[in-house]
Amino acid sequence: MAGLQNSDFYFCEIQKSHASEYGLSGRLVQEGEVLLNACHTDWRKWNKRPEELKTAAVLRSEYEAKGAAPAFVKYRQGGSTYYISTLTEFANSEKGFNTLAVILENAGIPCQKSEVNSNDVFFMRDGQIQFPLSARDRFVAEGDGYTLHIWVFSPHLLVGLLIEPNMPKLTLYVDTWESALWVNDGPLEAAQQTNRNSTYNELPLHQGWNKLTLKIGKEDRGRFAASFRCDNNSEFLPQLRVSFIQQ
C-alpha cells in the first residue's frame with residue numbers, strides 16, 4: 001500500500017490481541033481486489049521466548065491451520081465502491097492507529113481521532129503523572145463505594161524481573177481512606193496503606209494498553225487524588241500514556 005512499509009504492520013510487541021479475528025472469502029473476495037492479507041506468521045511466538053524455542057515456534061505457527069487471509073477488500077458494483085474490513089483490533093495501539101489511518105486515507109475514507117476534553121488530560125508535575133480533578137466525576141457508584149476504570153499504555157513490559165533486570169518500577173499513590181486496585185483484572189495488594197492513603201508498588205503492566213480498576217470508599221470521592229511515579233527511571237514516566245478510554 002502506498003506510503004506504508006512492512007514495519008508499519010509489525011506491532012505485536014505492544015499488542016496481544018489479534019488485529020483481526022477472521023478473514024474474508026467467497027464471491028465478493030473473488031470478484032473484488034484484496035488490499036490486505038493477514039500474515040501467516042504469528043510473531044508473538046518469537047517475542048519473549050527462549051532462544052531454543054523461537055524458530056520452531058514461529059515455523060509451527062506458519063503451518064498451523066488458519067482461516068481465510070483477506071482482511072481488507074475493495075469491491076466495485078456499478079458506480080459504487082465498497083471497502084470491507086475485519087481489522088477490528090487494528091487500532092489498539094498508536095502505531096496501529098496510524099497505519100490504519102494511512103490505509104483508509106489511501107482508500108479515500110476520512111479518519112479522525114476523537115477529541116479529548118482538556119479537563120480529562122493526565123498531566124506531568126513535579127516528576128509525577130497527576131490525575132485530573134475530573135477523575136472524581138468519572139467514578140461510578142458500585143456497592144458501598146465507587147469504581148474508576150483507566151487505561152495505561154506502557155512502551156515496556158513491567159513483568160518478569162529475569163527478562164528485564166533493569167526494568168522501570170511504576171508506583172501508584174492514591175489519596176483516599178479506602179482503596180483497592182486491579183491491574184488487567186488481577187488484584188494488586190497495596191505495599192503501604194494508612195487511614196489517609198495507599199501506595200501500590202511495581203505495577204505489573206504489559207507492553208501496550210493496560211486496564212486499571214480502582215475502587216474507593218463511599219466517603220472518598222470528594223477528596224480523591226492520585227499520581228504515578230517511577231523513582232528508578234526518570235525517562236520512563238514521560239513515555240506513559242494514561243487515559244479514561246483505551247485509544
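Now for a description of the structure that goes with this document. (Residues numbered from 1 in each chain as written. Predicted model: local features only at pLDDT ≥ 70, side-chain atom pairs only at ≥ 80, totals over all residues. Heavy atoms only, no water.)

With that settled, the discussion passes to the nonpolar core. Ranked by size, the top nonpolar core spans 32 residues in total, and within it Phe131, Ile150, Leu170, Leu203 and Phe228 carry the most contacts. Among the elements of the structure, β7 (145-154), β8 (171-175), β9 (179-183), β13 (208-217) and β14 (225-229) are those that each provide at least two residues to this core. It is β7 that contributes the most residues to this core, four residues altogether. By size, the runner-up hydrophobic cluster in this structure holds nine residues, among which are Phe72, Leu87, Phe90 and Ile103. (Core = buried A, V, L, I, M, F, W, Y, C linked by side-chain atoms within 4.5 Å. Buried < 20%, exposed > 50% of the residue type's maximum accessible area, 1.4 Å probe, protein only. Helix = DSSP H or I, 4+ residues; strand = E, 2+ residues; numbered from the N terminus.)

For the coordinates displayed, the defined rule picks out 10 salt bridges. Here Lys54 and Glu51 are joined by a salt bridge, their closest N and O atoms 3.1 Å apart. Taken together, the residues span about one helical turn, with Lys54 and Glu51 both in helix α2 (residues 51-63) at a distance of three residues. Its salt-bridge partner being Arg60, residue Glu64 comes within 3.0 Å of it at the nearest N-O pair. (Salt bridge = Lys/Arg side-chain N within 4 Å of Asp/Glu carboxyl O.)

As a further point, take the side chain of Lys54. On the basis of relative accessibility, which here comes to 12%, the residue Lys54 falls in the buried class. At 3.1 Å, the side chain of Lys54 forms a polar contact with the side chain of Glu51. Sequence-distant contacts of Lys54, defined by excluding residues within four places in its chain, comprise Lys45, Trp46 and Arg49. (Polar contact = N/O pair within 3.5 Å; in protein donor to acceptor, adjacent residues only side chain to side chain. Contact = heavy atoms within 4.5 Å.)

Let's shift gears to the pairing of β8. Within a regular strand, side chains alternate between the sheet's two faces. Taken together, the five bridges between β8 and β14 define a ladder with antiparallel strand orientation. The residue of β14 that forms the bridge with Thr171 is Arg229. Pairing between β8 and strand β12 (residues 198-200): three bridges, direction antiparallel. Within β12, the position partnered with Val174 by the bridge is Ser198. (Pairing = 2+ DSSP bridges.)

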